[in-house]
Amino acid sequence: MTTAAVASVDLPLVVGGRQFRSRLMVGTGKYRDNESMVRAIEASGAEIVTVAVRRVDLDRKKTDGVLYHLDPTHHFLLANTAGCYSAAEAVRYARLAREAGFNDFLKLEVIGDRETLLPDVAGLLEAAAVLIKDGFQVMAYTNDDLVTALRLEDMGCVAVMPLASPIGSGLGLVNPYGIRTIKRRLSVPVIVDAGVGTASDACVTMEQGVDGILMNTAIAEATDPAAMAAAMRHAVEAGRLAFLAGRMPRREVAAPSSPTTGLLG
Amino acid sequence: MLRVHVNGESREFNAPASLLDLLRFLDLDPRMVVVEHNREIVRRPELGNTAVSDGDKIELVHFVGGG
């Protein structure tokens, strides 16, 4: 029902020339088992699903590949460069990911600090330049800094993905002003990536006017991942609708909702 | 015998061998794996005619769960 309501007032999300109905994107990491991952992804309604590139485990090869559990014709697989700490590493992982043969979209991450997993902006810009020249559709995971976001857009990134708060932290949207500013100034989609902890965080994030949210841990580490995925689906749609609807102004004084005339004498 | 480094592990198998032979030897489906041979990506159609040499460094990667 909600989806229909959103569809009647909203346009599809377009990233790098491809259209998506869902503004919620989900990761596939950290699930306790593949069955809960599959059920949660289904409940989320997400089309874009992120995956990571790692060595095949030569001893238990058939169980850990995510493609043995996810249907790549049913989802849009978005490879990431998670775990890369330099531009050169990220470029290497990106090229391996593209060779898997699904698409040339990439969620580019270059991490700069092991404790906070905050992005290395210099490395990110360097890798983005190489990969865009190489034909990748780069969706860049970045911090909430406007100037970096503007540079990434100028270079040709198809989406800019500022964080709500650090990866896996569940702290929610810590800098709504920063995210709103990025959204206001950029033309490419702004998709908030990382930090959302629960449904209200997702709703508040979408109310800033951003184009979508990518999340993983908030769903995977919930006690019931499929229920949280459904909650996130509703929260993203609710936040999107509330943004499109246009909220009432904030007032410092009360304004009565019932008529002030016709009261008994 | 060939001794190569696969995903950081030393492995031995019979020569001569192509990358495709190596995947078969390791019981891996070539459609599910991307192969990097001495830091160069080898496309799937080329796996069968790319020879493995002693001391080669081979990385076999695939998609795993991630955010």
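Look a little higher up for the structure.
The structure displayed is predicted, hence computed values, not measured ones.

### Some points on the packing of helix α6 (residues 146–155) of chain A against helix α7 (residues 176–185) of chain A
Residue and element names in this part refer to chain A. Two elements in contact, α6 and α7, have axes separated by 9 Å at closest approach and are oriented at 30°. Compared by their axis directions, α6 and α7 come out roughly parallel. Read as a crossing pair, α6 and α7 show a hand that is right-handed. Residue-level inspection shows Leu146, Ala149, Leu150 and Glu153 of α6 in contact with α7, the latter providing Thr181, Ile182 and Arg185. The residue inventory of the contact of α6 with α7, partitioned by class, reads 4 nonpolar, 1 polar and 2 charged.

### Concerning the pattern of salt bridges
For the structure on display, the rule yields 16 salt bridges over all chains. The partner of Arg55 of chain A in a salt bridge is Glu59 of chain B, with the nearest N and O atoms 2.7 Å apart. Taken as a pair, Arg55 of chain A in strand β4 (residues 48–55) and Glu59 of chain B in strand β5 (residues 57–65) lie in two separate chains rather than in one. In this structure Arg55 of chain A comes out as partly exposed when scored by relative accessible area, which is 42%. When its relative accessible area of 18% is taken as the criterion, Glu59 of chain B is described as buried. Note that Lys183 of chain A is salt-bridged to Asp211 of chain A, the shortest N-O span being 2.8 Å. Of this pair, Lys183 of chain A sits in helix α7 while Asp211 of chain A is found in the loop between α8 (199–207) and β10 (212–215), placing the two residues 28 residues apart along the sequence. When salt bridges that share partners are traced, they join Asp10, Arg23 and Arg240 of chain A into one network.

### A few points about helix α4 (residues 87–99) of chain A
Side chains three or four residues apart in an α-helix point the same way, a direct result of the helix having 3.6 residues per turn. Residue and element names in this part refer to chain A. Spanning 13 residues, α4 covers 19 Å between terminal C-alpha atoms, matching the ideal 18 Å at 1.5 Å per step. For α4, the complete set of buried residues consists of Ala87, Ala90, Val91, Ala94, Leu96, Ala97 and Glu99. At the exit of α4 stands Gly101, carrying a positive phi of roughly 95°.

### A look at unusual backbone geometry
The backbone of Leu117 of chain A sits at a positive phi, close to 55°, despite the residue not being glycine. Take Leu117 of chain A: it is sitting in the loop between β6 (105–108) and α5 (121–133). The phi dihedral of Arg39 of chain B is positive, around 75°, even though this residue is not glycine. Looking at the secondary structure, you find Arg39 of chain B in the loop between β3 (34–37) and β4 (40–42).

Parameters at a glance
- Residues numbered from 1 in each chain as written.
- Chains lettered and ligands numbered in written order.
- Predicted model: local features only at pLDDT ≥ 70, side-chain atom pairs only at ≥ 80, totals over all residues.
- Heavy atoms only, no water.
- Axes fitted to C-alpha atoms, helices over the stretch in contact; angles between N-to-C directions.
- Helix = DSSP H or I, 4+ residues; strand = E, 2+ residues; numbered from the N terminus.
- Parallel < 35°, antiparallel > 145°, perpendicular 65-115°, else oblique.
- Left-handed = near helix turned anticlockwise from the far one by under 90°.
- Contact = heavy atoms within 4.5 Å.
- Nonpolar A, V, L, I, M, F, W, Y, C, P; charged D, E, K, R; others polar.
- Salt bridge = Lys/Arg side-chain N within 4 Å of Asp/Glu carboxyl O.
- Buried < 20%, exposed > 50% of the residue type's maximum accessible area, 1.4 Å probe, protein only.
- Expected span 1.5 Å × (residues − 1).

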